[in-house]
Amino acid sequence: VFKSVEQKDGNWVGYMTEKGYSTLQQINRQSVFIPVTTRTTEQFKRFVIFEKEIPLTYAITANGANILYKGELLTDWSENLHSLLIREVAPQEELLATLKKEGFQFDGQLKQVEKLFCYFILNCLPTASDLLTIRELVALYGWRISLQGRKLYFIPTLISKGKALDYICNREGMEAIAGAGDSVLDWDFLRNCRNRFVPRHGELVDKLETSNVTLTNNLGIAAGEEILQHFQTLLTLKV
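Predicted model only: the values in this text are computed from it and were never measured. (Residues numbered from 1 in each chain as written. Predicted model: local features only at pLDDT ≥ 70, side-chain atom pairs only at ≥ 80, totals over all residues. Heavy atoms only, no water.)

**Side note on the pairing of strand β8 (residues 143–148)**
In the sheet, β8 pairs with strand β9 (residues 151–156) via 6 bridges, with the strands oriented antiparallel. Residue pairing for β9: Leu-147 is matched across the bridge by Leu-152. Where β8 folds back on β9, the antiparallel hairpin that results is connected by 2 residues, among which Gly-149 adopts a positive phi of roughly 65°. (Pairing = 2+ DSSP bridges. Helix = DSSP H or I, 4+ residues; strand = E, 2+ residues; numbered from the N terminus.)

Here is the structure:
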């Protein structure tokens, strides 16, 4: 049995198991549950369950560029980050122009994320050698890359899920007991969590020493339910 949780253009596009949804409600009542995503704030708000059914204290969007506090942008965080980006990071236009000059042109659609970073939806993937060269080149400009499926992200190193989570923890005087994620970009915050969970289908599985994390037995939507059950057990044990 599934629960509809995400809506786009009036259609349901995201689901959880009913058991996973019920467990998430309990976790949110017992602790500070913080969704962490590379999605824009607008895209995150497609998860309609967080409007009323599972009210959140915090959420992290745009890969850590934005922190939402009770649904509203935490301006102290975003204004400080924007100031640092202006002073310490090369503009996106300069970065892409340099890549083009070095012979790297990307066959795909360019998408902007809140004027903070961008990604290409590629028709043709770069070679491993090209990715290494691109990674080294963009690092000189204060940026990094992450290839997730057909999406090649270009993100300033200052924009980090881990830094955003640290800010919240320091603000609240609390520790990150557990976290879960599947992409390389998630390791920024997972490494700061006492307990780390990765779905077996996740990109991170091939990038990490598995001793650092707990892998799920299940795949897909069932992996989400399994991870939430782990969270609930940790809260019960107060680990």
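**Side note on the pattern of salt bridges**
One pass over the full model with this rule turns up 6 salt bridges. Note that Glu-175 is salt-bridged to Arg-194, the shortest N-O span being 2.5 Å. One end of the pair, Glu-175, is in the loop between α6 (161–172) and β10 (178–180); the other, Arg-194, is in the loop between α7 (187–190) and β11 (195–198), with 19 residues separating them in the sequence. The partly exposed category is assigned to Glu-175, whose relative accessible area is 47%. Asp-188 is the salt-bridge partner of Arg-191, the closest N and O atoms lying 3.8 Å from each other. (Salt bridge = Lys/Arg side-chain N within 4 Å of Asp/Glu carboxyl O. Buried < 20%, exposed > 50% of the residue type's maximum accessible area, 1.4 Å probe, protein only.)

**Things to note about α6**
Given a rise of 1.5 Å per residue, 12 residues ought to cover 16 Å, and the 17 Å separating the end C-alpha atoms of α6 matches this to within 8%. Along α6, the residues classified as buried are Lys-161, Gly-162, Ala-164, Leu-165, Ile-168 and Cys-169. Seen end-on, α6 carries its buried residues on one side only, within an arc spanning 160°. In this structure, the buried residues of α6 make contact with β3 (58–61), β4 (66–69), α3 (75–88) and α7. Among the residues of α6, the N-terminal cap falls to Ser-160, whose side-chain oxygen and the backbone nitrogen of Gly-162 are separated by 3.2 Å. Positive phi appears at Gly-173, one or two residues downstream of α6, with a value of about 65°. (Expected span 1.5 Å × (residues − 1). Arc of directions from axis to C-beta. Contact = heavy atoms within 4.5 Å. Polar contact = N/O pair within 3.5 Å; in protein donor to acceptor, adjacent residues only side chain to side chain.)

Remember, this is a structural readout, not a statement about activity or role.
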